[in-house]
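# Structural overview
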Amino acid sequence: MTQDELKQAVARAAIAYVVENEIIGVGTGSTANFFIDELARIKHRIKGTVASSEATAARLRGHGIAVFDLNDVAEMAVYIDGADEIDHSGAMIKGGGAALTREKIVASVAKQFVCIADGSKLVDVMGRFPLPVEVIPMARAAVARALVKLGGTPQLRLKPGTQEAFVTDNGGYLLDVAGLSITEPKALEEKINQIVGVIAVGLFAARGADVCLLGTAEGVKTLKF
């Protein structure tokens, strides 16, 4: 199976976790896009959604799915999103799609976090995928120096094909931090969150996944944490 076929398989499997007549939190990225396309088939069975990015909101609306502002939603039954890496405790690296801050916010309101990913995303130790950190633009250099002290090599994310900084939906910059071996994800998440100028770090450990639907050549495997 191709990687896209694996993503499509887990997106289909995730429909079983959609709670009828409820508002569903929806993530950002290629795997989440497959889920949105599957969700469109049962849109009459849900109240609507909360999107973790402008891109996700646009795709949902394109399917005729209602999108609510999180400020108008007290709680959600489930949040469904992909991951760039996930370990065996359910901790994840997220932010390859640049929506880590909003993803964290939406996930914090959901009763259950379902991660959907192809099998290549499951790792013993996270860090091969550069860890995204969203920062206030004026703090970019200061935060980068602090991240170097933690053992990382931060690189400013640029707009594709340019030398200009990529700007998130929140007006932040992204530092992608290579060279980390994340053996204690909760502790590292807390340390990076305490750096002045950091908006959010793409480590989802304090609030990790409850379930991971993992696409493999043998079928979709369910991991519970």
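Preceding block: the structure.
This one's a predicted model, so the numbers in the text were calculated from it and none came from an experiment.

## Section: a nonpolar patch on the surface
A cluster of nonpolar side chains, Ile136, Met138 and Ile199, forms an exposed patch at the surface whose accessible area comes to about 320 Å². Mapped onto the elements of the fold, Ile199 is located in strand S10 (residues 198-201).

## Concerning the sheet that holds strand S4 (residues 85-86)
Think of a sheet as strands paired side by side through backbone hydrogen bonds, with each pair either parallel or antiparallel. The strand order across the open sheet formed by three strands is S4-S5-S11, and the pairing between neighbours is antiparallel. What marks the edges here is a single partner per strand, and that holds for S4 and strand S11 (203-204). One ladder, built from two bridges, connects strand S5 (residues 92-93) with S11; its direction is antiparallel. From the neighbouring strand, Met92 faces S11, where its bridge partner is Phe204.

## Digging into the layout of surface pockets
Its boundaries defined by the atoms lining it, the largest pocket holds a volume of some 260 Å³. Along its surface, the largest pocket is lined by 14 residues, and Ala51, Phe68, Asp69, Leu70 and Arg102 are the ones closest to its centre. The set of elements that each furnish at least two residues to the lining of the largest pocket consists of strand S2 (48-51), helix H3 (54-62) and helix H4 (100-109). By volume, the second largest pocket amounts to about 200 Å³. Along the walls of the second largest pocket sit 18 residues, with Thr28, Gly29, Ser30, Ala83 and Asp84 positioned nearest its centre. Secondary structure elements with two or more residues in the lining of the second largest pocket: helix H2 (30-39) and strand S6 (110-118). Class assignment of the residues belonging to the lining of the second largest pocket gives a composition of four nonpolar, eight polar and six charged.

## Re the sheet that holds strand S1 (residues 23-26)
Strand order in the open sheet formed by six strands is S2-S1-S3-S6-S12-S13, with mixed pairing between adjacent strands. Because the sheet does not close on itself, it has two edges, and the strands there are S2 and strand S13 (219-224). For this sheet, the mean angle separating the axes of adjacent strands, direction not counted, is 25 degrees. Sheet analysis places S1 next to S2, joined by four bridges and oriented parallel. Bridging from a neighbouring strand, Ile23 pairs with Gly48 of S2. Along the sheet, H2 contacts S1, S2, strand S3 (76-81) and S6; its crossing angle with S1, the most-contacted strand, is approximately 155 degrees. Sheet contacts for H3: S1 and S2; angle to S2, the most-contacted strand, approximately 160 degrees.

Conventions we followed
- Residues numbered from 1 in each chain as written.
- Predicted model: local features only at pLDDT ≥ 70, side-chain atom pairs only at ≥ 80, totals over all residues.
- Heavy atoms only, no water.
- Patch = residues over 30% accessible without salt bridge, like charges linked within 9 Å, V, L, I, M, F, W, Y side chains within 5 Å.
- Areas by Shrake-Rupley, 256 points an atom, 1.4 Å probe, with all protein chains shown as cover.
- Salt bridge = Lys/Arg side-chain N within 4 Å of Asp/Glu carboxyl O.
- Helix = DSSP H or I, 4+ residues; strand = E, 2+ residues; numbered from the N terminus.
- Pairing = 2+ DSSP bridges.
- 1 Å grid on protein atoms, 1.4 Å probe; cavity = no way out; pocket = protein on both sides within 12 Å on 5 of 7 lines; lining within 4 Å.
- Points joined across faces, edges and corners; volume = space filled by probe spheres on them.
- Nonpolar A, V, L, I, M, F, W, Y, C, P; charged D, E, K, R; others polar.
- Axes fitted to C-alpha atoms, helices over the stretch in contact; angles between N-to-C directions.
- Contact = heavy atoms within 4.5 Å.

As far as function goes, none of this settles anything; it's purely spatial.
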